Amino acid sequence: MSSYLDELNEVQRKAVVNTEGPVLVVAGPGSGKTRVLTYRIAHIIEKGTPPWEILSLTFTNKAAREMKERISKVVGDRANRVYAGTFHSIFARILRSEAEKIGYPSNFTIYDSDDSKSLITTIIKQLNLDGKVYNANAMRSKISSCKSNLITPKLYVQTPEMLEKDRVAKKPHFHKIYTEYVNRCKRAGAMDFDDLLFRLFELLQKNPDNVLEKYRKRFKYILVDEFQDTNFLQYSIIKKLVKYPGSRANICAVGDDAQSIYGFRGATIQNILDYEKDFTKDGIQVFKLEQNYRSTDHIVKAANEVISVNKNQIKKTIWSDKGEGAKIQIIKALTDSEEGKRVADAIMEQKMRYHLSNQDIAILYRTNAQSRVFEEYLRRYNIPYRIYGGLSFYQRKEVKDLISYLRLVVNPADDEALKRVINYPKRGIGKTSIDKVSDTANALNQTMWQAIDSAPISAKAKNTLFEFKKMLIEAAKKAKDGTAYEVATFVARQSGLIDHLKNDTSIEGLGRLENVNSLLDGINEFVEGDLLIDIEGENEDRSLSSYLQNIALVTDFDAKEHGDNVVTLMSVHSAKGLEFKSVFCVGLEENLFPSFMSLDSPEQVAEERRLFYVAITRAEQNLTLSFATSRYQHGSVRYNSPSRFLEEIGSDHLDGSVSLTASSRQAFGAHNNATSGGYRGAAKKQNTSSKVIGNFKPLRKKQLTLKVDPATFKPSPMGEIQSGMKVLHMKFGEGQVVNIDGSATNPIATIRFAEMGNEDKRIMLKFAKLQIMS
DNA sequence: GTTGGTATCTGTGGA
DNA sequence: AGATACCAAC
């Protein structure tokens, strides 16, 4: 057999060579999952299946691209003909050729979440509902969840239980919003991200022209990566394609229930459980990849301890033979800013001590907003870095503005695009006129573009809007014969967008102009056809419409240039699937990680825990966890206690020497006196040495001096602490253990400290350093 | 009717 | 901090 099979361990090899019939691969972190997937595809090709009969679904373009690269190393160029891509991009492509069968134009618009939210806000207003009761974001995620569970507006209205639930929740009009939202999307020829899945399901369900048969025949082998992140709708589509009488059910799902982190998007690990059941009769084979080739032992064991707190898991034992490795470091800081500094310090130190390059290091956080402080100190230390996530290129205002013009050229029914540019650059069309156009559109069930003609607006406004339409119609004509690039430059100039940006000579203004020019360059590249976002390898369609559908599904992250030696800063979510020699997981505080949004539901906390599990399993050799006792959130100082997740790691995996705070407190005292003015203002003049770090007076009350000299203090192992013993604590001094309870992995001692006025304190033994005296 | 300023509210993650 | 809401002035 071919040599690539020799690169696999026994289970991996089984998962690769058993290509027929349904397979579930449960793959722990660092267990060679991508290798199995790619070799499996290569193996299927080697055995004689044409690559285009293989459908491989992933969640990110990056994963798809990486997979193709790795397949091509085994089977060469044939790899490019594999139908591999993200759920959204592949489904969008299918829909593009089949849209008319379900009453959509093939050049349908893809609404991003901003478009969806803006449309929902509009609907809430027009239905005269209270925006506080009917929060647009909450409504959006509720709609998303309905679609992900195949609940149409019609079905919703016909289900008394759901309506009753809404009545109880004091949101009885939700169904109206949902119904209207779906109608308006349809009217605008637009699909939101969920529609790309939902409408495909609808297509397969309604099965016009036997389209279902066509795709069942076409995809002889289906592989799904990150199966734990699929939702009910995605699984329903997969089943439609795979499960039918006479099917060979050649499906391979790869996933890890412990790494399911997209519940907020409707993902459910129930799919894995259902999958096992649904394909039992087809002879499903389950393979568990349990050896972790990525991380050293302390990291793997700590991760196992953390995830074991969650119930209901697929049983597996992740292990590593990479050696014990370094213990996990903990950094405690008093403020978010100090956290930034100390992480940067630690990066400097690690680079020296372990000879790490910048690219070996990542800082992972729960929310993108946390990146700022790290950025600040890395810059100060001259450590090059790159931030991923946050605002992507295509989400920048000036870029979206031009894209909106282009969307209108392709699809004049696109109301969200129209609203965005109807008065930008300013052409004297105010709120009143826009409202009138919008009202007219609703009254006549037309698009706003159509309603401009009959709306009761002033002659002046009407003239302006006719000019506006005329310009876009001309652009649309150009689109018929010319290239996308020609249309885009025409629109950029004729709309006045370029002139408007040129008038702004500020630094930011220049940047905006530059961004618009890069967008134009990007369109040109798309037309010329070399650099292609294209995953499926058969994209010959270089129309403007095709371009717009492509970029709607692309993120900056996908555009990452390789090989730059920089420190990576990203959210934990986007770090999934990646690995770094040294990982800093920061902001480990209650309300932040776990997120405050998760705290009222144990299920959501469990998801946060899985997210933490993902974070720590990114590390190969060094893992550092940090938290701050106070931080600026939403404009004011917040005090958060350390994350519960820290307590879930056994102290034997933690490096004790850094977990105490004496040095940081003292170092910090110097800044303490300079509390005046706001943090934000101070942050701007970041080069001044006397940086003002907010107001944290309440902390001072708790400030304690050390009772013990750190040099002579020798903490005893956690297991030796027994009830009744006299112990010494660094800050609280001498005390007597009254009682020990809690769990085996997290014992909690009640200790009475004489020097603290005989106060009983509950001490987590895995964290506290206690020296036994007698 | 439109524009520009200030006050108020809101808040994760991402295809 | 950012977006949106509201109000005063052209």
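Rules behind the numbers
Residues numbered from 1 in each chain as written. Chains lettered and ligands numbered in written order. Predicted model: local features only at pLDDT ≥ 70, side-chain atom pairs only at ≥ 80, totals over all residues. Heavy atoms only, no water. Helix = DSSP H or I, 4+ residues; strand = E, 2+ residues; numbered from the N terminus. Buried < 20%, exposed > 50% of the residue type's maximum accessible area, 1.4 Å probe, protein only. Contact = heavy atoms within 4.5 Å. Areas by Shrake-Rupley, 256 points an atom, 1.4 Å probe, with all protein chains shown as cover. 1 Å grid on protein atoms, 1.4 Å probe; cavity = no way out; pocket = protein on both sides within 12 Å on 5 of 7 lines; lining within 4 Å. Points joined across faces, edges and corners; volume = space filled by probe spheres on them. Polar contact = N/O pair within 3.5 Å; in protein donor to acceptor, adjacent residues only side chain to side chain. Near = heavy atom within 4 Å. Nonpolar A, V, L, I, M, F, W, Y, C, P; charged D, E, K, R; others polar. Disulfide = S-S within 2.5 Å. Axes fitted to C-alpha atoms, helices over the stretch in contact; angles between N-to-C directions. Parallel < 35°, antiparallel > 145°, perpendicular 65-115°, else oblique. Left-handed = near helix turned anticlockwise from the far one by under 90°. Expected span 1.5 Å × (residues − 1). Pairing = 2+ DSSP bridges. Phe/Tyr/Trp six-rings, centres within 6.5 Å; stacked < 30°, edge-to-face > 60°. Lys NZ or Arg CZ within 6 Å of the ring centre and 35° of its normal. pLDDT = per-residue confidence, 0-100. Core = buried A, V, L, I, M, F, W, Y, C linked by side-chain atoms within 4.5 Å.

K.L.:
Can you walk me through the overall build of chain A in this structure?
P.N.:
Along the backbone of chain A there are 31 helices and 20 strands. Looking at chain A as a whole, 53% of its 774 residues qualify as buried. Within chain A, counting contacts between residues at least 6 apart in sequence, those at least 24 apart form 74% of the total. Accessible area for chain A stands at about 34300 Å²; split by element, carbon and sulfur atoms hold 50% of it.

K.L.:
Would you take a moment to explain empty space enclosed by the protein for this structure?
P.N.:
Rolled over the atoms, a probe sized like a water molecule indicates the empty space that remains. Per the stated rule, a full pass over the model turns up four cavities of 30 Å³ or more. Space inside the largest cavity adds up to approximately 80 Å³. Together, 14 residues line the largest cavity, and L119, R184, R187, D415 and E416 are the ones closest to its centre. Every element with two or more residues in the lining of the largest cavity is listed here: α5 (113-126), α9 (174-187), α18 (415-421) and α19 (431-444).

K.L.:
Help me understand the side chain of R96 in this model?
P.N.:
Here R96 shows up in helix α4 (residues 87-98). Polar side-chain contacts of R96 include one of 3.2 Å to the side chain of Q549. In contact with R96, other than residues within four places in its own chain, are S106, N107, F108, D541, S543, S545, S546 and Q549.

K.L.:
Would you mind showing me how to read the protein's contact with DNA strand B here?
P.N.:
Taken together, 28 residues form the shell around DNA strand B, and within it R366, S433, K436, T555 and M597 come nearest. In DNA strand B, atoms within 4 Å of the protein come 47% from sugar and phosphate. Take K426: an N or O atom from its side chain is 3.3 Å from a phosphate oxygen of DNA strand B. Counting residues per element, the ones that place at least two in the surface near DNA strand B are α19 and α26 (572-575). Tallying contributions element by element places α19 first for the surface near DNA strand B, with three residues. For the surface near DNA strand B, the class distribution of residues is five nonpolar, 17 polar and six charged.

K.L.:
Would you mind going over the state of the cysteines with me for this structure?
P.N.:
Disulfides are covalent bonds that connect the sulfur atoms of two cysteines. In total, this model carries zero disulfides according to the counting rule given. In this model C185 remains outside any disulfide bridge; the closest cysteine sulfur is found in C146, 14 Å from its own. On the accessibility criterion, C185 (1% relative accessible area) is buried.

K.L.:
I would appreciate a short explanation of the packing of helix α1 (residues 10-17) against helix α2 (residues 33-46) in the present structure.
P.N.:
Each pair of packed helices gets described by two things: the angle between the helix axes and the distance between those axes. Where α1 contacts α2, the two axes come as close as 8 Å, and the packing angle between them is 40°. Between α1 and α2, the crossing angle belongs to the class labelled oblique. When you trace α1 past α2, the crossing you get is right-handed. Side by side, α1 and α2 meet where Q12, A15, V16 and V17 of the first sit next to V36, Y39, R40 and H43 of the second. Of the residues belonging to the contact of α1 with α2, the class tally is five nonpolar, two polar and one charged.

K.L.:
Could you clarify how one ought to interpret α5 in this entry?
P.N.:
Every α-helix winds through 3.6 residues per turn, so residues three or four apart in the chain are directed the same way. Across its 14 residues, α5 extends 20 Å between first and last C-alpha, which sits within 8% of the 20 Å expected from 1.5 Å per residue. Among the residues of α5, D115, S116, L119, I120, T122, I123 and I124 are the ones counted as buried. Check the buried side of α5 and you find it contacts β4 (109-111), α6 (136-148), α9, β5 (190-192), α17 (397-410) and α18. Of the residues that open α5, the one with a side-chain oxygen 3.0 Å from the backbone nitrogen of D114 is D112. Of the residues flanking the end of α5, it is N128, one or two places downstream, whose phi is positive at about 60°.

K.L.:
What's the story with the sheet that holds strand β2 (residues 54-58) in this structure? I'm lost.
P.N.:
In a beta sheet, neighbouring strands are held together by backbone hydrogen bonds and run either parallel or antiparallel to one another. Spatial strand order, β3-β2-β6-β7-β1-β8: six strands in an open sheet with parallel pairing. Strand pairing shows two members of the sheet lacking a second neighbour, β3 (83-86) and β8 (285-289), which therefore form its edges. Taken pair by pair, the neighbouring strands of this sheet meet at an average axis angle of 15°, ignoring direction. The pairing of strand β1 (residues 23-27) with β8 spans five bridges and is classified as parallel.

K.L.:
Can you help me understand the side chain of E226 in this one?
P.N.:
Residue placement: E226 occurs in the loop between β6 (221-224) and α12 (232-242). In this structure E226 touches K33, F59, V254 and K576, once residues within four positions along its chain are discounted.

K.L.:
What am I meant to see in the packing of aromatic side chains here?
P.N.:
Think of a pair of aromatic rings as described by two things: how far the centres are apart, and how the planes are tilted against each other in angle. Inspection of every chain in the model, using the stated rule, returns 19 aromatic pairs. When the centroid spacing of 5.7 Å and the interplanar angle of 90° are considered together, the rings of F227 and Y235 count as edge-to-face. For the pair F227 and Y235, one class covers both residues: buried. An aromatic cluster is present here, built from F227, Y235, Y275 and F279 joined pairwise through their rings. Over the face of the ring belonging to Y262 we find R265, whose NZ or CZ atom lies 4.0 Å from the ring centre.

K.L.:
Hey, could you run me through the confidence of the model for chain A in this one?
P.N.:
Detailed reading of the predicted model is not advised wherever pLDDT is low. Per-chain confidence: chain A averages 86 in pLDDT, with 88% of residues scoring 70 or above. In the predicted structure, residues 658-705 sits below a pLDDT of 50 and forms 66 contacts with residues beyond four places in sequence or in another chain.

K.L.:
I would appreciate a short explanation of the packing of helix α15 (residues 336-354) against helix α16 (residues 371-380) in the present structure.
P.N.:
α16 packs onto α15 with a crossing angle of 45° between their chain directions and a minimal axis gap of 8 Å. In terms of axis orientation, α15 runs oblique to α16. Handedness of the α15/α16 crossing: right-handed. Between α15 and α16, the contacting residues are D336, S337, E339, G340, K341, V343, A344 and I347 on the first element and V373, F374, Y377 and L378 on the second.

K.L.:
Would you mind showing me how to read the nonpolar core here?
P.N.:
In globular proteins that are soluble, nonpolar side chains generally tend to be buried together. L402 and V491 are the most contacted members of the largest nonpolar core, which has 50 residues in total. Of all the elements, α17 adds the most residues to this core, at eight residues. Setting aside residues up to four positions removed in sequence, L402 forms contacts with A488, V491, A492, L497, V516, L519 and L520. Residues L55, M191, V211 and L241 belong to the second largest nonpolar core, which totals 47 residues.

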